[in-house]
Amino acid sequence: MKIFISADIEGTAGIVNWKETEPGDQYGYFAEQMTGEVAAACQGALDGGATEILVRDAHDSARNLNPAKLPRKTRVLRGWTGGPYTMMDGINETYSAAAMTGYHTCAASNGNPLAHTMTTSIEKVTINGMPAVSL
Ligand SMILES: [Zn+2]
């Protein structure tokens, strides 16, 4: 059973400020926390019967995770390829399930101090006039 995990940082436990999401300030602490949360998700997937795990590092430079701290059988997709699935890049029909760690609420919503949609310049995304994400 193949599992795909996409990992962001703005929803990582305890993070509250944009400066904590990029190198400098408290970034190192939260990158380590992000890696720990991904490792826990991977271990849970393995305990549940996963045989292969692909983790898409999906924040900013896509070079946030420490692969050495992830369980064996875990591969990490680092850097950006320009693929159409952006933060889900790497997923395909061969995966049995997908999970997200460190994700955040959408722009203009409550629940996360770093809420945004893709970039900080997009307020909402609609498809045929309907919100792509409900608040
Ligand atoms: Zn991010």
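If you're wondering where the values come from, they're calculated on a predicted model, not measured in any experiment.

Rules and cut-offs
- Residues numbered from 1 in each chain as written.
- Predicted model: local features only at pLDDT ≥ 70, side-chain atom pairs only at ≥ 80, totals over all residues.
- Heavy atoms only, no water.
- Buried < 20%, exposed > 50% of the residue type's maximum accessible area, 1.4 Å probe, protein only.
- Helix = DSSP H or I, 4+ residues; strand = E, 2+ residues; numbered from the N terminus.
- Pairing = 2+ DSSP bridges.
- Axes fitted to C-alpha atoms, helices over the stretch in contact; angles between N-to-C directions.
- Contact = heavy atoms within 4.5 Å.
- Salt bridge = Lys/Arg side-chain N within 4 Å of Asp/Glu carboxyl O.
- Phe/Tyr/Trp six-rings, centres within 6.5 Å; stacked < 30°, edge-to-face > 60°.
- Domains from an automatic or database assignment.
- Buried area = accessible area lost by both parts, 1.4 Å probe.
- Polar contact = N/O pair within 3.5 Å; in protein donor to acceptor, adjacent residues only side chain to side chain.
- Nonpolar A, V, L, I, M, F, W, Y, C, P; charged D, E, K, R; others polar.

**Focus on unusual backbone geometry**
In most cases, non-glycine residues show a negative phi, while peptide bonds are predominantly trans. You will see that Ala62, though not glycine, has its phi angle at about 60°, which is positive. In this structure Ala62 comes out as buried when scored by relative accessible area, which is 0%. Even without being glycine, Ala108 reaches a positive phi, approximately 60°. With respect to the secondary-structure elements, Ala108 resides in the loop between strand E4 (97-101) and strand E5 (126-127). A residue is classified by how much of its surface remains accessible, and Ala108, at 61% relative accessible area, is exposed.

**What about the sheet that holds strand E2 (residues 52-57)?**
Where strands meet in a sheet, backbone hydrogen bonds hold them as pairs that are either parallel or antiparallel. Strand order in the open sheet formed by four strands is E3-E2-E1-E4, and the pairing between neighbours is parallel. Single-partner strands in this sheet number two, and they are strand E3 (74-77) and E4. Neighbour-to-neighbour, the strand axes of the sheet open up by a mean angle of 20°, direction not taken into account. For E2 and E3, the ladder comprises four bridges, and the chain directions are parallel. Across the sheet, the residue bridging to Val55 is Val76, located in E3. On top of the sheet, helix H1 (residues 27-47) reaches strand E1 (2-7), E2, E3 and E4; it is set at about 160° to E2, its chief contact.

**Thoughts on the pattern of salt bridges**
Per the counting criterion, the structure on display carries one salt bridge. With a closest N to O distance of 3.5 Å, Arg56 and Asp89 form a salt bridge. With Arg56 in strand E2 and Asp89 in the loop between E3 and E4, the pair connects residues that are 33 residues apart, well separated along the chain. Here Arg56 matches Asp89 in class, with each residue buried.

**A short note on the packing of aromatic side chains**
Taken as a whole and assessed by the stated rule, the structure comprises two aromatic pairs. Judged by centre distance (5.7 Å) and plane angle (75°), the rings of Phe4 and Tyr95 are edge-to-face. Here Phe4 is found in strand E1, whereas its partner Tyr95 is found in the loop between E3 and E4, with 91 residues between them in sequence. Side by side, Phe4 and Tyr95 carry an identical accessibility label, which is buried.

**Some details on the domain arrangement of the chain**
Once the domains are mapped, the chain shows domain 1 (2-103) and domain 2 (106-135). Look at where the C-alpha atoms of domain 1 and domain 2 centre, and you get two points 21 Å apart. Listed as interface residues are nine residues of domain 1 and, on the opposing side, seven residues of domain 2. Taking both partners together, domain 1 and domain 2 bury about 590 Å²; carbon and sulfur atoms supply 73% of that area. Among the residues of domain 1 in contact with domain 2, Glu10, Val16 and Trp18 are the three that bury the most area, contributing 67% of the side total. Joining domain 1 to domain 2, the criterion identifies zero salt bridges. Taken together, the links from domain 1 to domain 2 amount to one residue pair in polar contact (both at pLDDT 80 or more). Broken down by class, the residue content of the side of domain 1 that touches domain 2 amounts to four nonpolar, four polar and one charged.

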